Amino acid sequence: LASAAMARRRTRGEGEVFKEPNGRWAVRWREGGRRKYRGGFDSKALAQRVLDHARGQVALQRSGLPADPKTVPTLGELAKDWLERRQATHKAAKQDRSQWNKHTAPWFGRKRPGEVDHALVRSFVESKLGEGLASGTVRVLIANLSSLYVDLIERGLATLNPARGLPRGTMRLIKPSHDPRTTPFLE
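Here, residues in each chain are numbered from 1, in the same order as that chain's written sequence. Since the coordinates come from a predicted model, pLDDT governs what is reported: local features require at least 70, and pairs of side-chain atoms require 80 or more to be given and counted, while whole-chain, interface and lining totals use all residues. By convention in this description, side-chain values take in all heavy atoms of the structure and omit both hydrogens and water.

A.B. asks: Which parts of the structure should I look at to understand the packing of aromatic side chains?
C.D. replies: Stacked, tilted and edge-to-face pairs are distinguished by plane angle, under 30 degrees for stacked and over 60 for edge-to-face with tilted covering the rest, among Phe, Tyr and Trp rings (Trp via its six-membered ring) whose centres lie within 6.5 Å. Tallied over the entire structure, the rule returns 3 aromatic pairs. Both rings, one in Phe-18 and one in Tyr-37, keep their centres 6.5 Å apart while their planes meet at 40°; by these two values the pair is tilted. Pair noted here: Phe-18 is in strand β1 (residues 16–19) and Tyr-37 is in strand β3 (residues 34–41), with a separation of 19 residues, a long-range link. Judged by its relative accessible area of 18%, Phe-18 is buried. On the basis of relative accessible area, Tyr-37 is assigned to the partly exposed category, the value being 47%. Taken together, a centroid distance of 5.8 Å and an interplanar angle of 75° make the contact between Trp-107 and Phe-124 edge-to-face. Taken as a pair, Trp-107 in helix α4 (residues 93–108) and Phe-124 in helix α5 (residues 118–130) lie far apart in primary sequence, 17 residues in all. A relative accessible area of 26% means that Trp-107 is categorised as partly exposed. The numbering of helices and of strands both runs from the N terminus, where a helix is a DSSP run of H or I of at least 4 residues and a strand a run of E of at least 2. With a 1.4 Å probe rolled over the protein chains alone, any residue whose accessible area is under 20% of its type maximum counts as buried; one over 50% counts as exposed, and the rest are partly exposed.

This is the structure we're talking about:
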């Protein structure tokens, strides 16, 4: 009898599949120090698959690998926190918020961090230049997008910064339009 009890004992943190009083199957496990539960499965096999998936996600979190891109919030949601933190450290935070809301959020706000690439950034640049924005202004918008991605990389929500290392053709489009040689200097 003692050996049968030992065989049924599960390893700590592994989770369990069990039958509910209503006849359906459920799973429970621990994730991040909290108990998790999902129930209402028709078969034990389906409940076991759900538990295996949950265990895999916990293992990914522990390993330090990037999060599942589908579970990461959108850039619009992440930018709210970034702009709040920026308020305390940057004089131009109010202007950055205005530029984000007016120009950048309509393009990137519904995207997840992994969905933005060089091609999307280039189409954003071309669109904004087509609207009549100065190339220096578009350059500032790209710099703010890059700053957001630096913050996301530090927090483990992104792995690459698509606003950094842009192709030469894109960088030529957003070169500063100000030429100090042609601007008169007052003494």
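A.B. asks: I'm lost on the pairing of β1 in this one. Help?
C.D. replies: The two faces of a sheet get side chains in turn, since along a regular strand they alternate between them. Strand pairing is assigned whenever DSSP detects at least two bridges linking the two strands. When β1 meets strand β2 (residues 25–31), the two strands line up antiparallel, connected through 4 bridges. In the strand pairing of β2, Lys-19 is matched with Trp-25. Taken together, β1 and the strand that follows it, β2, pair antiparallel across an intervening segment of 5 residues, in which Gly-23 is found at a positive phi of about 95°.

A.B. asks: Can you help me understand the nonpolar core in this one?
C.D. replies: Nonpolar side chains tend toward joint burial in soluble globular proteins. Within the largest apolar cluster, 24 residues are counted, with the highest numbers of intra-cluster contacts made by Leu-75 and Ile-142. Broken down by secondary-structure element, the contributors of at least two residues to this core are α3 (75–89), α4, α5 and α6 (135–154). Looking at this core, the element that brings in the most residues is α6, giving 7 residues. Remark: nonpolar core denotes a set of buried residues (Ala, Val, Leu, Ile, Met, Phe, Trp, Tyr, Cys) joined through side-chain atoms within 4.5 Å. In this structure, Trp-29, Phe-41, Val-50 and Leu-51 belong to the second largest nonpolar core, which totals 10 residues.

A.B. asks: What am I meant to see in the confidence of the model for the protein here?
C.D. replies: Predicted coordinates in regions of low pLDDT should not be interpreted in detail. Here the protein averages 86 in pLDDT, while 88% of its residues score no lower than 70. The lowest-confidence element of the protein is helix α1 (residues 2–8), averaging 51 in pLDDT; the highest-confidence one is α5, averaging 95. Residue-level confidence of the predictor, termed pLDDT, takes values from 0 up to 100.

A.B. asks: Would you mind showing me how to read the sheet that holds β3 here?
C.D. replies: Within a sheet, neighbouring strands are paired by backbone hydrogen bonds and run either parallel or antiparallel to one another. Here we have 3 strands laid out as an open sheet, ordered β1-β2-β3, and antiparallel in their pairing. In the strand order of this sheet, the two ends are held by β1 and β3, each with one partner. Geometrically, the sheet is characterised by an average inter-axis angle of 25° between neighbouring strands, direction not taken into account. Two strands pair when backbone bridges link them, and β2 and β3 are joined in this way by 7 bridges, in the antiparallel orientation. Looking at β3, one finds that Arg-28 is bridged to Tyr-37. Angles shown run from 0 to 180 degrees and are taken between the N-to-C directions of axes, each axis being a line fitted to C-alpha atoms and, for helices, limited to the stretch in contact.

A.B. asks: Explain the environment of Ile-142 to me, please; I cannot follow it from the model alone.
C.D. replies: Mapped onto the fold, Ile-142 is located in helix α6. Owing to a relative accessible area of 5%, Ile-142 belongs among the buried residues under this scheme. On a C-alpha basis, the gap between Ile-142 and Arg-164 in space is 8.8 Å, while along the polypeptide they are 22 residues apart. Setting aside chain neighbours within four positions, we find Ile-142 in contact with Val-121, Phe-124, Val-125, Ala-163, Leu-166 and Ile-174. The contact criterion used is simple: two residues touch if any of their non-hydrogen atoms lie within 4.5 Å.

A.B. asks: Looking at this structure, how should I read the packing of α3 against α4?
C.D. replies: When two helices pack together, their arrangement is given by the angle between the helix axes and by the axis-to-axis distance. Close contact between α3 and α4 brings their axes to 11 Å; oriented N to C, the two are set at 170°. Between α3 and α4, the interaxial angle falls into the category roughly antiparallel. Where α3 abuts α4, its residues Leu-75, Gly-76, Ala-79, Leu-83, Glu-84, Arg-86 and Gln-87 lie against Ala-93, Asp-96, Arg-97, Trp-100 and Phe-108. Put simply, angles under 35 degrees are roughly parallel, angles over 145 are roughly antiparallel, angles from 65 to 115 are roughly perpendicular, and the rest are oblique.

A.B. asks: Is there a simple way to explain α6 in this structure?
C.D. replies: Every α-helix carries 3.6 residues per turn, so stepping three or four residues along brings you back to the same face. Helix length check: α6 (20 residues) gives 29 Å between terminal C-alpha atoms against 28 Å at 1.5 Å per residue, within 8%. Taken together, the buried positions of α6 are Ser-135, Val-138, Leu-141, Ile-142, Asn-144, Leu-145, Ser-146, Leu-148, Tyr-149, Asp-151 and Leu-152. Those residues of α6 that are buried are in contact with α3, α4, α5 and α7 (168–173). Positive phi shows up at Gly-156, right after α6, with a value of about 80°. Any helix carries an expected span of 1.5 Å times its number of residues minus one.

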